[in-house]
Amino acid sequence: MLDNACQSAKKQKTLIFLCWLIYTMSYIGRYSYKSNIVNFSVSDSAVTGLVMSFFYGAYGVGQIINGLFCSKYNKRIILPAVCVVSALCNLAVGIGAQFVYIKYLWLINGICLSVLWSSLILTLSENLDEKYLKTAIFLMSTTVPVGTFVVYGVSALFSTFTTYHATFLFATVGMFAVAIVWFALYQRNLSDVKITVQKEIVKDGQKQKVKLSTATIITVVIIGVFAVVCNLIKDGVQTWTPSVLKEQFMLGDSLSTALTLLLPVVGVFGSMLAIALHKKIGNYILVLGILFALSGGFLAGVMSTLTVSYIPAIMFLAFSTLAAQATNNVITSIVPLQMRTQINSGLLAGILNGCCYVGSTISGYGLGAIASGYGWNSVFVLLAILCGVAVVVSVITMLISFLKSKKGE
C-alpha cells in the first residue's frame, strides 16, 4: 500500500514538472518576437504590433476551440506536435524570413500553441489529488513570468553580443527539446494515474453531468470580461515597455530590453499574491477587484513619471505587471482548477484564456496605434480607466451578491 502511494506521488510530481516545463518553454517560442520588437526596423509601432495581434487573435480563438475538444486529444502525440510546428516557425524567422511574412508565421504559431493550456489544465485536474493540485496551481502560475524572464534575458544577451535572430534559433532548439522530453516521458510514466476528479464526478459507475448553476454561469461571464481587461494590461505593458523606454527616455535597444526583464522578475511574485489573496478572501470577484485597483494605481504612477525619469517609470511598470500577473493567475489557473467539480477544467481554462487573448490581441496593434497617434501617456490613461471600470463592476457584483444573500436567494 505504501509503495502504491509513493508511486502515485512520484507520478503526480512528474506530471506537474512536465506540464510546467512545456508551458514555460512555450513562452520562449511565442515571445521570441515580442522580446525583440524594438529590433525590427519598422517605423510604425502599429505595424510591428500587428504581428502579435495576429498571434493573439489566432491563440485566443484556438483557446476556445481547444477547450471544447481537448478531452478527446491524445496528449502524448498532439502536444509535442504543436511544439515542433512552433519550433519551425521560430526557425523560419531565425534564418531570415522577410518581415512581411512574420505575421503569418506567428498566426500559425498562435494556432498551434493554443492547444497547450486547456490540455495541460485538464490533464492536471484529472490526475492530481488535492495535495498536489495546490502545488500545481502555484507552479503553473509561475510559467508565464519564468518563461518571459528567460526569453527577454536571452534576447538582451543575443542583441548585445551577436544578433537578435539568435533568440529565434534558441527558441527552436528549446521547443524541439521539450517536445522530445514530453513524448518520451508522458505516457510511460503517467497514463495510469487517475485519482480525485473521477471520484467526484462519477457515481455508481456512471458519469454524472454536472448542471451549471446560474451563479456559476454569471461568475464565469464576469471573470471572462475581467480576463479581456487583464491581458490588455499585462501583455500591453510587457510588449511595449521596451518601446516606451526607447522613445520616452532615449535608451538603447539592448538596454530597453534588459530593463524590461524587471517586469517578469517582479511578476513571479504575482503568483504568490494571487494565492495569498484567494486563501484569505476566497471570493474570486472580490480578489480580482482588489487586484485591478492595484493595477490602476500603479498605472497612474507610470503616467506621473513618463516625463521625469525611467527609473521610477520602470518600477511602476513592474508593479503594474505584478498586479496584472496575479490577476491572470486567478483567472487562468486558480479558477479552472478549483472549479473542476462544477465544470470541465479544460473547457473553462480554454474559455477564460481565450477571453484573455482578446485583450492580448488588442494590446498589439491597438495600443501601438494609440501610441503612434496620441503618445504613450494616452495608452496608460486608457489602461487605468479600464482598471477603474473593472473595480466598479466588482463592487457592484459583490453588493448584489450580498443583498441576495441577505434575502436568502
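Cut-offs applied
- Residues numbered from 1 in each chain as written.
- Predicted model: local features only at pLDDT ≥ 70, side-chain atom pairs only at ≥ 80, totals over all residues.
- Heavy atoms only, no water.
- 1 Å grid on protein atoms, 1.4 Å probe; cavity = no way out; pocket = protein on both sides within 12 Å on 5 of 7 lines; lining within 4 Å.
- Points joined across faces, edges and corners; volume = space filled by probe spheres on them.
- Helix = DSSP H or I, 4+ residues; strand = E, 2+ residues; numbered from the N terminus.
- Nonpolar A, V, L, I, M, F, W, Y, C, P; charged D, E, K, R; others polar.
- Core = buried A, V, L, I, M, F, W, Y, C linked by side-chain atoms within 4.5 Å.
- Buried < 20%, exposed > 50% of the residue type's maximum accessible area, 1.4 Å probe, protein only.
- Contact = heavy atoms within 4.5 Å.
- pLDDT = per-residue confidence, 0-100.

### What about the layout of surface pockets?
Taken as a whole, the second largest pocket holds about 480 Å³ of empty space. Around the second largest pocket, the lining comprises 17 residues; the ones closest to its centre are Ala215, Ile218, Thr219, Thr397 and Ser401. Secondary-structure elements contributing two or more residues to the lining of the second largest pocket are helix H10 (214-249), helix H13 (284-305) and helix H16 (376-406). Per-element accounting of the lining of the second largest pocket gives the leading share, six residues, to H10. Taken together, the residues that form the lining of the second largest pocket break down as eight nonpolar, eight polar and one charged.

### What about the nonpolar core?
Tyr33, Trp106, Leu120, Ile233, Ile331, Phe380 and Leu383 are the most contacted members of the largest nonpolar core, which has 112 residues in total. The element best represented in this core is H10, accounting for 14 residues. Residue contacts for leucine 120: discarding those within four places in its chain leaves Cys19, Ile22, Tyr23, Leu79, Met140 and Trp182.

### Here's the deal with the side chain of asparagine 329
Its location among the elements puts asparagine 329 in helix H14 (residues 310-338). By relative accessible area, asparagine 329 is classed as buried at 2%. Filtering out sequence-adjacent residues up to four positions away, asparagine 329 remains in contact with Ser141, Gly270, Ser271, Ala274 and Ile334.

### Considerations on the confidence of the model for the protein
For the protein, the average pLDDT comes to 83, and 90% of its residues sit at 70 or higher. By mean pLDDT, helix H9 (residues 196-201) is the weakest element of the protein at 43, and helix H3 (residues 75-94) is the strongest at 94. Confidence drops under a pLDDT of 50 for residues 189-193, and excluding neighbours within four residues, the segment shows 13 contacts in the predicted structure. Per-residue pLDDT stays below 50 along residues 195-204; that stretch engages in 23 contacts with residues further than four places along the chain or on separate chains.

### As for the environment of proline 145
In this fold, proline 145 is placed in helix H7 (residues 143-161). Given the relative accessible area of 2%, proline 145 is considered buried. Through-space distance from the C-alpha of proline 145 to that of glycine 270 is 8.8 Å; in sequence the pair is 125 residues apart. Setting aside chain neighbours within four positions, we find proline 145 in contact with Pro264, Gly267, Val268 and Gln325.

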